[in-house]
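Single-letter residue listing:
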Amino acid sequence: MTSPISNNFLLYNTIASMAKSMPALGKADNGANSVGSSTSPSTFFAMLMNAMMESMEQTNTGTGTAPQTGVQAAAPSLTTPLTAPLANSYNPAITIPPIDKKEVPTAATDTSDLKFKPTQFIKLDNTLEGKLGGTAAHFINAGKKYDLDPNLLSAIAIHETGNGSSRAVNDKNNVAGMMGKNGLRSYASVEDSIFDMARNLRQNYLNEGKDTIAKIGAKYAPVGAANDPTGLNNHWTKGVSNHYSKLT
């Protein structure tokens, strides 16, 4: 049986003999290229490939193996990746668990006009933009679950995110400025953020008797708060009220 080393030696001898028969490289022949005017690079390559095939056939004959027609040798497998992994590539091991959409019933202390009511879906859907686009159903479903007017939830989200354009909603899916232990909270989805906002409003605002946007804003975005150095909270009640009136 012929070893791989013998095969390589035979192939080397074949290529070497062809190289001797070709014109010497680097010598000019009436202004022609280095291979010669009668032999183009493509012709030389074809001759080289033909010699390699003849060498393989001779090897197969010597080992008693009949040459196979139309069968290509398997390409060698790569032992190293072509490119190194990106340092900032997505790591699927880092995930944000979905929120617990726990039940929070409406308390008797809620005498507001901000409970759930039918919403003009098409109007709401056409109003929401950016990262909020296509989320109208989430606002309606969250409103049903926590007995809140979907237009109120939408108005707060539009004001807080600049209608889906803020960094908070684009980087953290946070539609309502909700805070966590380490600052602005991150959510697995915009839907989770909408439901968490609705739960918070039902549990900590409407059920505590805060029955108007102004009363909600006094706690939700208090004027002079330490985390509002630029005074944006001064415009919260008016901004949310304007968005709410446009939706209703």
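Residues numbered from 1 in each chain as written. Predicted model: local features only at pLDDT ≥ 70, side-chain atom pairs only at ≥ 80, totals over all residues. Heavy atoms only, no water.

**Q** I keep staring at unusual backbone geometry and nothing clicks. Help me out?
**A** Trans is the common state for peptide bonds, and a negative phi is the common state for residues other than glycine. Notably, Asp147 is not glycine yet its phi reads approximately 55°, a positive angle. Checked against the element boundaries, Asp147 lands in the loop between α4 (136–146) and α5 (150–161). Overall, the relative accessible area of 22% leaves Asp147 in the partly exposed class. In this structure, Asn173 takes a positive phi of about 60° despite not being glycine. (Helix = DSSP H or I, 4+ residues; strand = E, 2+ residues; numbered from the N terminus. Buried < 20%, exposed > 50% of the residue type's maximum accessible area, 1.4 Å probe, protein only.)

**Q** Looking at this structure, how should I read the packing of α5 against helix α9 (residues 236–247)?
**A** The packing of two helices is summarised by the inter-axis angle and the distance between the axes. Direction vectors running N to C along α5 and α9 enclose 130°, while the axes themselves pass 8 Å from each other. Classified by the angle between their axes, α5 and α9 sit oblique to one another. Relative to α9, α5 is oriented so that their crossing is right-handed. Judged by residue contacts, Asn151, Leu152, Ser154, Ala155, Ile156, Ile158, His159 and Glu160 of α5 engage Trp236, Gly239, Val240, His243, Tyr244 and Leu247 from α9. (Axes fitted to C-alpha atoms, helices over the stretch in contact; angles between N-to-C directions. Parallel < 35°, antiparallel > 145°, perpendicular 65-115°, else oblique. Left-handed = near helix turned anticlockwise from the far one by under 90°. Contact = heavy atoms within 4.5 Å.)

**Q** What should I look at first to understand the packing of aromatic side chains in this one?
**A** In total, this model carries 2 aromatic pairs according to the counting rule given. On the numbers, 5.7 Å between centres and 50° between planes, the contact of Tyr205 with Tyr220 is tilted. With Tyr205 in the loop between α7 (190–204) and α8 (213–220) and Tyr220 in helix α8, this residue pair connects regions lying 15 residues apart in the sequence. In this structure, Tyr205 and Tyr220 share a single accessibility class: buried. An aromatic cluster is defined as three or more aromatic residues linked by ring pairs; in this entry it consists of Tyr205, Tyr220 and Trp236. Its guanidinium or amino end placed over the ring of Phe195, Lys101 lies 4.1 Å from that ring's centre, counting from NZ or CZ. (Phe/Tyr/Trp six-rings, centres within 6.5 Å; stacked < 30°, edge-to-face > 60°. Lys NZ or Arg CZ within 6 Å of the ring centre and 35° of its normal.)

**Q** Can you walk me through the nonpolar core in this structure?
**A** Soluble globular proteins: nonpolar side chains tend toward being buried together. Membership of the largest hydrophobic core comes to 39 residues, with the highest contact counts inside it found for Phe139, Val175, Met197, Leu201, Ile216 and Tyr220. Secondary-structure elements contributing two or more residues to this core are α4, α5, α7, α8 and α9. (Core = buried A, V, L, I, M, F, W, Y, C linked by side-chain atoms within 4.5 Å.)

**Q** Can you walk me through the environment of Gly143 in this structure?
**A** By secondary structure assignment, the location of Gly143 is in helix α4. On the basis of relative accessible area, Gly143 is assigned to the buried category, the value being 0%. Taking the C-alpha atoms as reference, Gly143 lies 8.1 Å from Lys115; in sequence the two are 28 residues apart. Not counting the four nearest positions on each side in its chain, Gly143 is found in contact with Phe116, Leu148, Pro150 and Leu153.

**Q** What is the right way to look at the packing of α7 against α8 in this model?
**A** Running from N to C, α7 and α8 point in directions that differ by 105°, and their axes come no closer than 12 Å. If you check the angle between α7 and α8, you find them roughly perpendicular. Touching Met197, Asn200, Leu201 and Asn204 of α7 are Ile216, Lys219 and Tyr220, all from α8. For the contact of α7 with α8, the per-class residue count stands at 4 nonpolar, 2 polar and 1 charged. (Nonpolar A, V, L, I, M, F, W, Y, C, P; charged D, E, K, R; others polar.)

Read these as layout, nothing more, since geometry by itself doesn't imply function.
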